Amino acid sequence: MKNQIRFSILVIAFILSTVSSFSQNKQEQPSLEGKNVIFVYGGWQGHKPNESVDVFVPKLKEKGANVKVFNSLEVYTDQNLMAETDLIIQAWTMGEITNEEFKGLQTAVMNGTGFAGWHGGTGDAFRDNFNFQFMVGGQFVSHPGGKIDFTVDIVDSDDYITKDINDFELKQTEQYYMLIDPNIKVLAISEFNRERYVKEGQPENKVTGSIVPMVWKKNFGKGRIFYSSIGHNLTDFDVTEVLKIQMRGFEWAAQGKHQQPENTISPVYGYLKNSNLN
């Protein structure tokens, strides 16, 4: 009798453990359902910020997000709106941000609001604001060769954002060469190839062989940051892998107020130091 009771207890414990694990996994699956998202666009028109609204806002709404669209950075000073926002998507290349606007943005992210974007709309915004660059985790400095063909290599196939996505090719778009925070969690990279970026009659800047992060994520305070340098042409998002990565990045970044913090620090130079000791 005692053995039967003990066996029953073990079975019940196993079932409860399985249900709990399933519920936890389900809860941890990133989603935009019911999330408050603001889409901020403007700045240099060469990156088609107006058109980007038409590309992404319908997709965000299809995912169940509550989306508000703004074409002014002044929205960052609205403390009440920022406090209730789960994710900020910014498509604003170059331009200037006031101290008050950046303070509002920074405070929101530090308190758990996610921040995400692509290409110059996030990675080349507000060039004179180093604190913004620190928050994003990198800054554009060059695109050797202009519009070229290149390969994007996935380096983390276990991460939610890049899971089950293979390496892929991009055609006639910009391959960003960036200064980056060494503690970002890199998800995809690209190598610069002289044959692809050198144009006849132009001097070579000799970056061939350089490997630069293309997609990354990081934490900033309680907020989550997601960035992809792909997307000079909005048609880049017609590539299935590019769009999937971008949308998953939005989903992940929107979870700062809803899920436990994720360790995104990957200090690669520490590994190099340790390997030299062997």
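Below, the structure is looked at part by part. (Residues numbered from 1 in each chain as written. Predicted model: local features only at pLDDT ≥ 70, side-chain atom pairs only at ≥ 80, totals over all residues. Heavy atoms only, no water.)

Before going further, it helps to spend a moment on empty space enclosed by the protein. Inspection of every chain in the model, using the stated rule, returns one cavity of 30 Å³ or more. In this structure, the largest cavity spans a volume of roughly 80 Å³. Lining the largest cavity we find 14 residues, and of these His47, Ala91, Thr93, Trp118 and Gly121 sit closest to its centre. Mapped onto the lining of the largest cavity, the elements with two or more residues apiece are helix H2 (49-62), strand E3 (87-93) and helix H5 (119-123). Looking at the lining of the largest cavity residue by residue, the classes come out as five nonpolar, eight polar and one charged. (1 Å grid on protein atoms, 1.4 Å probe; cavity = no way out; pocket = protein on both sides within 12 Å on 5 of 7 lines; lining within 4 Å. Points joined across faces, edges and corners; volume = space filled by probe spheres on them. Helix = DSSP H or I, 4+ residues; strand = E, 2+ residues; numbered from the N terminus. Nonpolar A, V, L, I, M, F, W, Y, C, P; charged D, E, K, R; others polar.)

For the rest of this paragraph, the subject is the environment of asparagine 36. Relative to the helices and strands, asparagine 36 resides in strand E1 (residues 36-43). With 218 residues separating them along the chain, asparagine 36 and alanine 254 place their C-alpha atoms 8.6 Å apart. In contact with asparagine 36, other than residues within four places in its own chain, are Asn66, Glu84, Thr85, Asp86 and Leu87. (Contact = heavy atoms within 4.5 Å.)

So, on to helix H8 (residues 240-253). Between its terminal C-alpha atoms H8 stretches 20 Å, which fits the 20 Å expected from 14 residues at 1.5 Å a residue. By the criterion of burial, H8 is predominantly enclosed, with ten of the 14 residues buried. Those residues of H8 not exposed but buried are Val242, Ile245, Gln246, Met247, Arg248, Gly249, Phe250, Glu251, Trp252 and Ala253. (Expected span 1.5 Å × (residues − 1). Buried < 20%, exposed > 50% of the residue type's maximum accessible area, 1.4 Å probe, protein only.)

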